[in-house]
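# Structural description and commentary
Chain by chain, the residues:
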Amino acid sequence: MANITRYDPFDVTLDPFDDLFRGFLRPVRFEGQTQQMQIKMDVKEDDKAYNVHAEIPGVKKEDIHVTIAGNQVSISAEVKKEKEEKEGEKVLRSERYYGKVYRSFSLGQDVDEATATAKYNEGVLNLTLPKKATSSAKKLSIQ
């Protein structure tokens, strides 16, 4: 006996092209490559400054750039990874990855660019971003 089911044209699980393209348009993943590199970070605030802790492993200090414009902070890094496996004189596999990662965010208050500091050690970038002194509002007298 045949199983009879009711057809629902709005059921998203019954896509007629799903079986046709299954596995065809999925991204290719190479061995050892689990995901694209990202800058993971924590931002903390106290009364005087913002402290940023950003993880950028495997990048040289010279390849990291930090830009501050008012309350906007941008971090970019150029990533270069090379891996070559040899067996004797015969190269069995050679892999390279070159790319650029970028992260930008806004803070609640403008940053004093002149006194901001950056330190990079063992794959971790630490930024100390002092807050600019807020200018007090001046009341104008109308004559």
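None of these values were measured; they are calculated from a predicted model.

## With respect to the pairing of strand S6 (residues 117-121)
It is a general feature of regular strands that their side chains alternate between the two faces of the sheet. Within S6, only 0 of the 5 residues are buried, leaving the element largely exposed. From the end of S6 to the start of strand S7 (residues 124-130), which pair antiparallel, there are 2 residues, and Glu122 there has a positive phi angle of about 50 degrees.

## Things to note about the environment of Lys80
Topologically, Lys80 is positioned in strand S4 (residues 72-87). Given the relative accessible area of 47%, Lys80 is considered partly exposed. Sequence-wise, Lys80 and Lys100 are 20 residues apart; in three dimensions their C-alpha atoms are separated by 8.8 Å. Filtering out sequence-adjacent residues up to four positions away, Lys80 remains in contact with Asp63, Tyr97 and Tyr98.

## Some thoughts on the pattern of salt bridges
As enumerated under the stated definition, the model contains 2 salt bridges in all. A salt bridge links Glu45 to Lys131, with the shortest nitrogen-to-oxygen separation between them at 2.6 Å. A residue pair is termed long-range when its members are at least 10 positions apart, and Glu45 in strand S1 (residues 40-45) and Lys131 in the segment after S7 qualify at 86 residues. Between Lys132 and Glu113 there is a salt bridge; the shortest N-O distance is 3.8 Å. Here Lys132, found in the segment after S7, pairs with Glu113, found in the loop between strand S5 (90-106) and S6; they are 19 residues apart in sequence, far enough to count as distant.

## Concerning the packing of aromatic side chains
Scanning all chains against the criterion turns up 0 aromatic pairs. In this structure, Lys131 packs its charged tip against the face of Tyr50, placed 5.0 Å from the ring centre.

Rules of the game
Residues numbered from 1 in each chain as written. Predicted model: local features only at pLDDT ≥ 70, side-chain atom pairs only at ≥ 80, totals over all residues. Heavy atoms only, no water. Buried < 20%, exposed > 50% of the residue type's maximum accessible area, 1.4 Å probe, protein only. Helix = DSSP H or I, 4+ residues; strand = E, 2+ residues; numbered from the N terminus. Pairing = 2+ DSSP bridges. Contact = heavy atoms within 4.5 Å. Salt bridge = Lys/Arg side-chain N within 4 Å of Asp/Glu carboxyl O. Phe/Tyr/Trp six-rings, centres within 6.5 Å; stacked < 30°, edge-to-face > 60°. Lys NZ or Arg CZ within 6 Å of the ring centre and 35° of its normal.

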